[in-house]
Amino acid sequence: MANPLRLPMVPRALRNLVSRPATRRYPYEIRPRFEGARGTIEFDVETCNYCMLCMRRCPAAAITVVREDRIWSIEHLTCIGCNVCVEVCNKNSLSMAKESKPVHTHAEVGPQGQRPGHEEWHGPDPAIAAAAKAAAAAT
Ligand code: SF4
Ligand code: SF4
């Protein structure tokens, strides 16, 4: 009978027993985000003109824009972080944060049935926004 200690995988198994782990112990040890890392899309409701370009170009169909109602929304769990929407937005309303949002679960569905990872902004009515701007300028 062959000696089990002479099997080819034994030296490697012994080496692995005493060496440092090859991977990080996530989530206990999280690698710091580096400059330029792609984390989460951020939206600026103040500058968006609801042109819908980001929605048309998003390859993952993660963005929904309803121009008439001035609604901009994103499904963070669908977004693949390609950065296309940031590059096409002429108003610089979108940016890529290097930090990722915490992982959501189905147990966290919002009280009004919002999907996990769904975020939605409602822009002010243009007439109301213009009136507020004029009032601020007059004071
Ligand atoms: S975020 Fe930019 S590209 Fe998207 S609807 Fe607003 S202005 Fe247009
Ligand atoms: S980063 Fe890419 S996938 Fe994510 S919302 Fe923008 S265009 Fe869509």
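Shown above is the structure to which this text applies.
In this numbering scheme, every chain counts its residues from 1 along its sequence in written order. Whichever chain is written first is A, and whichever ligand is written first is 1; the rest continue in order. Given that this is a predicted model, residues contribute local features only at a pLDDT of at least 70 and side-chain atom pairs are listed and counted only at 80 or more, while totals for whole chains, interfaces and linings are drawn from all residues. Hydrogens and water are ignored here; the side-chain numbers use all heavy atoms of the structure.

## Brief notes about the overall build of the chain
And step 1. In terms of regular secondary structure, the chain is built from four helices and five strands.
And step 2. The N-to-C order of helical and strand elements in the chain reads α-β-α-β-β-α-β-β-α.
And step 3. Between the two quantities, the radius of gyration covers C-alpha atoms and the globule rule is 2.2 Å times the number of residues to the power 0.38. In terms of overall size, the chain is more extended than a compact globule, its C-alpha atoms giving a radius of gyration of 24 Å where 139 residues would be expected to give roughly 14 Å.
And step 4. Taken along the three principal axes of its C-alpha coordinates, the chain extends 95 × 35 × 30 Å.
And step 5. The buried share of the chain, taken over its 139 residues, is 23%.
And step 6. Once local pairs closer than 6 in sequence are excluded, the contacts in the chain between residues at least 24 apart make up 64%.
And step 7. Methods summary: accessible areas were calculated by the Shrake-Rupley approach with a probe of 1.4 Å, and residue burial reflects only the protein chains presented. Accessible area of the chain: about 10,800 Å², with a carbon and sulfur share of 56%.
And step 8. Only four residue types enter the charge count, namely Lys and Arg as positive and Asp and Glu as negative; His and the chain termini do not. A single reference atom marks each charge: NZ on Lys, CZ on Arg, CG on Asp, CD on Glu. Side-chain charges in the chain split into 18 positive and 14 negative, and the spacing between the mean points of these groups amounts to 14 Å. Labels follow the DSSP assignment, with helices taken as runs of H or I lasting at least four residues and strands as runs of E lasting at least two, numbered in each case from the N terminus. Partly exposed residues are those whose accessible area sits between 20% and 50% of the maximum for their type, while under 20% is buried and over 50% is exposed, using a 1.4 Å probe and protein chains only. Contact between two residues is taken to exist if any of their heavy atoms lie within 4.5 Å; hydrogens are not considered.

## Topic: the side chain of His118
And step 1. Topologically, His118 is positioned in strand 5 (residues 118-122).
And step 2. Within 3.5 Å is the distance limit for a polar contact, defined as a pair of N or O atoms, with the added protein rule that one can donate a hydrogen and the other accept it, and that residues adjacent in sequence qualify only through two side-chain atoms. Within polar-contact distance, the side chain of His118 engages the side chain of Glu75 at 2.6 Å.
And step 3. Looking at His118, its side chain comes within polar contact range of the side chain of Glu120, at 2.9 Å.
And step 4. Once residues lying within four places of it in the same chain are set aside, the contact partners of His118 are Ser73, Ile74 and Glu75.

## Observations regarding the packing of aromatic side chains
And step 1. Geometry of aromatic contacts follows a simple scheme: Phe, Tyr and Trp rings, the Trp one being its six-membered ring, pair when their centres are within 6.5 Å, and the pair is stacked under 30 degrees between planes, edge-to-face over 60, tilted otherwise. According to the stated counting rule, one finds three aromatic pairs in the structure shown.
And step 2. Clustering of aromatic rings is evident, with ring pairs tying together Phe43, Trp72 and Trp121.

## Describing the pattern of salt bridges
And step 1. Whenever a carboxyl oxygen of Asp or Glu lies within 4 Å of a side-chain nitrogen of Lys or Arg, that contact is scored as a salt bridge. Overall, the coordinates contain one salt bridge when judged by the stated rule.
And step 2. Lys98 is the partner of Glu35 in a salt bridge, and the nearest nitrogen-oxygen pair spans 3.5 Å. One end of the pair, Glu35, is in the loop between helix 1 (9-18) and strand 1 (40-43); the other, Lys98, is in the loop between strand 4 (94-97) and strand 5, with 63 residues separating them in the sequence.
And step 3. On the basis of relative accessibility, which here comes to 68%, the residue Glu35 falls in the exposed class.

## A few points about the nonpolar core
And step 1. Throughout, nonpolar core names a set of buried Ala, Val, Leu, Ile, Met, Phe, Trp, Tyr and Cys residues whose side chains join them through atoms within 4.5 Å. Ranked by internal contacts, the top residues of the largest apolar core, which has 13 residues, are Ile41, Cys54, Ile63, Val65, Trp72, Cys85 and Leu94.
And step 2. Elements with a contribution of two residues or more to this core: strand 1, strand 2 (63-66) and strand 3 (71-75).
And step 3. If we skip the residues at most four places from it in the chain, Trp72 touches Ile41, Phe43, Cys48, Tyr50, Cys54, Ile63, Thr64, Val65, Leu94, Glu119, Glu120 and Trp121.

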